[in-house]
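# Coordinate analysis (summary)
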Amino acid sequence: MNKPFISCQVIQDLLPLYHDDVCSPDTRELVEGHIELCPDCRSVLEKMKDNLMLGPEATREQQTQASSLRRIAAYWNRSKAVAFIKGLAIATVVCGLLFGGYLLLTGWNIRSVPTKVIEVTDVGLMKNGTIAYHVKMTDGYNVKQVSYHLDENGNFYMTPLRPVIKSKAFADIGLANTYYWINLDEQKANHDPDGTGAGIQAVYLGTPEDHILIWKKGMTLPPASEAAEDQLAPNE
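In this text, all values refer to a predicted model and were calculated from it rather than measured experimentally. Numbering of residues starts from 1 in each chain and follows the order in which that chain's sequence is written. In keeping with the model being predicted, local features are shown solely for residues with a pLDDT of at least 70 and side-chain atom pairs are shown and tallied solely at 80 or more, while totals for entire chains, interfaces and linings include all residues. Excluded from the side-chain calculation are hydrogens and water; included are all heavy atoms of the structure.

### Topic: the packing of aromatic side chains
The line we're drawing: The criterion for an aromatic pair is that two Phe, Tyr or Trp rings (for Trp, the six-membered ring) have centres within 6.5 Å, with stacked assigned to planes under 30 degrees apart, edge-to-face to planes over 60 apart and tilted to the rest. A run of H or I in DSSP becomes a helix once it reaches four residues, and a run of E becomes a strand once it reaches two; helices and strands are each numbered from the N terminus. Burial here depends on accessible area, computed with a 1.4 Å probe over protein chains only, as a share of the maximum for the residue type. Under 20% is buried, over 50% is exposed, and the range in between is partly exposed.
Taken as a whole, this structure holds three aromatic pairs when the rule is applied. Aromatic pair Tyr-133 and Tyr-180: ring centres 5.8 Å apart, planes at 55°, arrangement tilted. Of this pair, Tyr-133 sits in strand β3 (residues 131–137) while Tyr-180 sits in strand β6 (residues 177–182), placing them 47 residues apart in sequence. For the pair formed by Tyr-133 and Tyr-180, the shared burial category is buried. Measuring from centroid to centroid gives 5.3 Å for Tyr-157 and Tyr-204, while their planes differ by 20°, and the two rings are stacked. In this pair, Tyr-157 sits in strand β5 (residues 155–162) while Tyr-204 sits in strand β7 (residues 202–206), placing the two residues 47 residues apart along the sequence. Each member of the pair Tyr-157 and Tyr-204 is classed as buried.

If you want it as structure tokens, here you go:
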């Protein structure tokens, strides 16, 4: 049985439904069979796709507006993609800076420990000529590093250091509660290898502005305690 003849006008009336995919399967089959053989109706369907479903009777003004809308939509989509990428990049940089800043604040030892929280006891001269003394931080925070500095006047400073963000000491061990030692000859060789300075005239715990005197030239120290000797022995 031959299929009934369907005019192009009827097909073009159905094209919007076909284009929006809201037609029945029979109508879809009918339209597809027609546009497969009819270049005119196929051309109308293509224009409909290009003109944002305006229909075959769209005016030039409507087509221009549709074209503008397509460009705006494309620009908007690109803008959203660019904004997303920029936002992601900025968020990554900010997170990196925050994480790096946190690592610096918790790991970069730049703050000296004030002497008001330092308790120095048991200062003595060990059998090998090393000066030993016990240091305890009374505020309960860790000490991560000790720096050494010999100035032009022969003042030798041993400075306990911490990061900006301090950490609590979990036990009474480490640099926050232990014996410190200084061998004057070794430190002079390290800090004045040419022997052009005055030598070490005094030893301080702290900084030039905030310090505790440990020893100065002419001072006689008592013999170091057994505890100091015992702690140094594994390091000899």
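Still more to cover.
### Remarks on a nonpolar patch on the surface
The condition that has to hold: Only residues whose relative accessible area exceeds 30% and that take part in no salt bridge are eligible for patches, with like-charged residues grouped when within 9 Å of each other and nonpolar side chains (Val, Leu, Ile, Met, Phe, Trp, Tyr) grouped when within 5 Å. Only the protein chains shown count as cover for residues, and the accessible areas themselves come from Shrake-Rupley with a 1.4 Å probe. Salt bridge criterion: a side-chain nitrogen from Lys or Arg within 4 Å of a carboxyl oxygen from Asp or Glu.
A surface patch of nonpolar side chains, about 860 Å² in accessible area, is lined by Phe-99, Tyr-102, Leu-103, Leu-104, Leu-105, Trp-108, Ile-110, Val-164 and Ile-165. Within the secondary structure, Leu-105 is located in helix α4 (residues 60–107).

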